[in-house]
Amino acid sequence: MTGTDVTLDADVVVVGAGMSGLYALKVLRERGLRVVVLEKGAGVGGTWYWNRYPGARCDIPSMEYSFGFDPELEQEWVWTEHFASQPEIERYLNHLADRYDLRRDIRLGCGVTAATFDETTDTWVFDTETGDRLRARFAVMATGGLSAPNRPEWPGIDTFEGSIVQTSLWPAEGVELEGRRIGIVGTGSSGIQAIPELAKVAEHLTVFQRTAAFSWPSRNQPLTDEQQAAIKAQYRVLREQQYASFSGTAGTTGAVIFAFPTDDRRILDSTPEEREAALAEHGFSACRIWADTAKDLEANEMAVELFREMVRRTVKDPDVADSLLPRGYPLGCKRPVLDAGYFETFNRDNVTLVDLRKDPIEEVTPSGVRTAHRFVELDVLVLATGFDAMTGALTRIDVRGRGGRLLRDDWAGGPQTYLGIGTVGYPNLFICVGPGSPGVLATYPPQIELQVGWIADFVQYLVDHGFTRAEADAGAQDAWTEHVNQVAEGTMFTAASCNSWYNGANIEGKPRVFMPYVGGLPAYMERCNDVAAHGYEGFTLS
Ligand code: N01
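Caption draft 1: The arrangement of the nonpolar core in detail. Core analysis: the biggest nonpolar cluster contains 78 residues, and Leu28, Leu419 and Trp454 have the highest contact counts within it. Of all the elements, helix H14 (residues 444-464) adds the most residues to this core, at 9 residues. Dropping the residues within four chain positions of it, Leu28 is found in contact with Val12, Val14, Leu33, Val35, Val140, Ala456 and Val459. In terms of nonpolar packing, the next biggest core, distinct from the first, is built from 55 residues, Phe83, Leu177, Ile195 and Ala495 among them.

If you want it as structure tokens, here you go:
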């Protein structure tokens, strides 16, 4: 059997039916290709299917966190808030699946356990949890950047007799929370969104915090008909602004979120009166208006002090406030968080903060959590403990390339990609919004339209030209990886004190490598388009 006479179940298997997978199916099918999507979940939506914890919502304005490929769709769809909630986004993605007749090619409850490249036929063989086995020419990995949950392994965790739930695996049937003693571990975006909602229903909520976070009030509001109509009247212009913007977001359509530097005011040159005036005018955002905080650690620390001051002014108990002050890492190192009354929640009588830096978790027992200094009885333990980001979803699958090599082993020292899309040793496998692409740093729908659209063009090119194999070159991959590292150098993302999921520091044993491309979406797509214009240089086609 050769590359051309093998029997295929599909031309392309797409792994994952989140935003990338749905869009990949649509555009690959439009190119006349037979596509099958294999999805682990019982529904479509990816992130927006799994993360249904109380308070889950997007922190990108809904009018921009949506696809622009179909002007009719964007005119018809009605968003109800500036920042859409999880149920609304899940409905939107289900609507997409119906509107574009995608479901007939999606197999739900069909998680991929292994993908193996067959060198004799230049095809991929996919094994699934259901025992199904499929063969396709191309693998499009739409597995998501934040989809491999991180579950801590405290002693006794499996003995807990109450409900233990992970925010990113929240059961569709819900969790009994009303009047319960709830504990939550983790104060990243997920925890910070869940905490105010859990506090409203819990008999008592105990927040176990390891690292105090930066979070800003989202000022979310309903989106009025007038606001929506005004945006829709100029939607094409807005989309073009998004595609051309650094982070895929025009940022003109949401509630007022952040202040940004608008001039060259330096905090290092500011007077105490000027900083006080900034606090009075901008509140929590006062730390963000200065031009010198992005690369200068001393300036950054002064800005962080403004943030801390706002926490002290908001949280009534000085000891609790002190524990909530971010320390030891710079502003801008981690993904900013938007909240709805997060710091105010610690003024409630039914909320307790446990500062794990002073009082670490020692074990979980059948009835609660024991720390060094106390025992907290719980009915429900919520884990908002994050993800093995950017690589975890891929390395948890047994992906075997040429010569039986395993992706997990090849990436043991950190991910290596060409354009974030291809990786040496794994021909015909293309990664959506992967490490080495803007990925988690740019708004997904516009980024996906551009990047997954590029992948679809590439696949079409290969088919049209009769190529059965495309693999990234080692030289091109090394040069790209070096470029990705070089662009991130000197930013707060790579500061020595920055421990984040962007660089793998949140997962024990994970190599510390900064993973996304911080050069911005336009520079990234320019490079991808240039590669395409030169016959996909950097890939060997045969
Ligand atoms: O995860 P995180 P997340 N013991 O990794 C703590 C996107 N998102 O799910 O910082 C005790 O940020 C950990 O502590 P530390 C968004 O891109 C978006 O909240 O490692 N604590 C941290 O506090 C976001 O950045 C939206 O010391 C432990 C927390 O758990 C990304 O997803 C909403 C621990 C994990 O925070 C990830 O956010 C939600 C342990 N063993 C998510 N292990 C919106 O659009 C971990 N922690 C708004």
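Caption draft 2: Up close: the sheet that holds strand S13 (residues 361-365). Here we have 3 strands laid out as an open sheet, ordered S13-S14-S15, and antiparallel in their pairing. Looking along the sheet, the strands with just one partner apiece sit at the ends: S13 and strand S15 (375-377). For this sheet, the mean angle separating the axes of adjacent strands, direction not counted, is 20 degrees. Two elements, strand S14 (residues 368-371) and S15, share 3 bridges in a ladder whose sense is antiparallel. Within S15, the position partnered with Val369 by the bridge is Val376.

Caption draft 3: Layout of the packing of aromatic side chains. Taken as a whole, this structure holds 36 aromatic pairs when the rule is applied. Geometrically, the ring pair formed by Phe307 and Phe343 is edge-to-face, given 6.0 Å between the ring centres and 70 degrees between the ring planes. One end of the pair, Phe307, is in helix H9 (residues 297-314); the other, Phe343, is in helix H11 (residues 342-345), and 36 residues separate them in sequence. One aromatic cluster in this structure is built from Phe138, Tyr418, Phe430, Trp454, Phe458, Tyr461, Phe467, Tyr536 and Phe539.

Caption draft 4: Main features of the sheet that holds strand S9 (residues 204-209). Taken together, the 5 strands give an open sheet; going across it, the order is S7-S16-S8-S9-S12, and neighbouring strands pair in parallel fashion. The sheet is open, and its two borders are formed by strand S7 (163-166) and strand S12 (351-355), each paired with just one other strand. Averaged over neighbouring strand pairs, the angle between their axes works out to 20 degrees when direction is ignored. Two strands pair when backbone bridges link them, and S9 and S12 are joined in this way by 5 bridges, in the parallel orientation.

Caption draft 5: Local environment of the state of the cysteines. For the structure shown, the criterion picks out 1 disulfide. Here Cys333 connects covalently by a disulfide to Cys498, the sulfurs 2.1 Å from one another. Torsion about the S-S bond of the Cys333 and Cys498 cystine: about 85 degrees, corresponding to right-handed handedness. With Cys333 in the loop between helix H10 (318-323) and strand S11 (337-339) and Cys498 in the loop between helix H15 (474-488) and helix H16 (521-533), this pair connects stretches of sequence that are 165 residues apart.

Caption draft 6: Here's a closer look at the site of the ligand. The ligand sits among 26 residues. The nearest are Thr187, Ser190, Gln193, Arg210 and Thr211. Between the ligand and the protein, one listed contact pairs an oxygen atom with a backbone N or O atom of Arg57 at 3.4 Å. In isolation the ligand has 910 Å² of accessible area, and contact with the protein removes 86% of it. Per element, the largest residue contribution to the shell around the ligand is 3 residues, and it comes from helix H5 (residues 189-201). Within the shell around the ligand, the residues separate by chemical class into 10 nonpolar, 10 polar and 6 charged.

Caption draft 7: Local environment of the pairing of strand S16 (residues 380-383). With burial as the criterion, each face of S16 is covered, one bearing Val380 and Val382 and the other bearing Leu381 and Leu383. Pairing of S7 with S16 involves 4 bridges; the strand directions are parallel. Note on S16: the bridge partner recorded for Ile164 is Leu381. Here 4 bridges tie strand S8 (residues 181-185) to S16, and the two strands are oriented parallel to one another. Counted as the bridge partner of Ile184 is Val382 from S16.

Caption draft 8: Structural context of the packing of helix H1 (residues 19-30) against H14. In the contact formed by H1 and H14, the axes pass within 9 Å of each other and the chain directions differ by 40 degrees. As the angle between them shows, H1 and H14 are arranged oblique. For H1 against H14, the interelement crossing comes out right-handed. Between H1 and H14, the residues in contact are Met19, Ser20, Tyr23, Ala24, Val27 and Leu28 and Tyr444, Pro445, Ile448, Glu449, Val452, Gly453, Ala456 and Val459, respectively. Of the residues contributing to the contact of H1 with H14, the split by class is 11 nonpolar, 2 polar and 1 charged.

Criteria and thresholds
Residues numbered from 1 in each chain as written. Predicted model: local features only at pLDDT ≥ 70, side-chain atom pairs only at ≥ 80, totals over all residues. Heavy atoms only, no water. Core = buried A, V, L, I, M, F, W, Y, C linked by side-chain atoms within 4.5 Å. Buried < 20%, exposed > 50% of the residue type's maximum accessible area, 1.4 Å probe, protein only. Helix = DSSP H or I, 4+ residues; strand = E, 2+ residues; numbered from the N terminus. Contact = heavy atoms within 4.5 Å. Pairing = 2+ DSSP bridges. Axes fitted to C-alpha atoms, helices over the stretch in contact; angles between N-to-C directions. Phe/Tyr/Trp six-rings, centres within 6.5 Å; stacked < 30°, edge-to-face > 60°. Disulfide = S-S within 2.5 Å. Near = heavy atom within 4 Å. Polar contact = N/O pair within 3.5 Å; in protein donor to acceptor, adjacent residues only side chain to side chain. Areas by Shrake-Rupley, 256 points an atom, 1.4 Å probe, with all protein chains shown as cover. Nonpolar A, V, L, I, M, F, W, Y, C, P; charged D, E, K, R; others polar. Parallel < 35°, antiparallel > 145°, perpendicular 65-115°, else oblique. Left-handed = near helix turned anticlockwise from the far one by under 90°.

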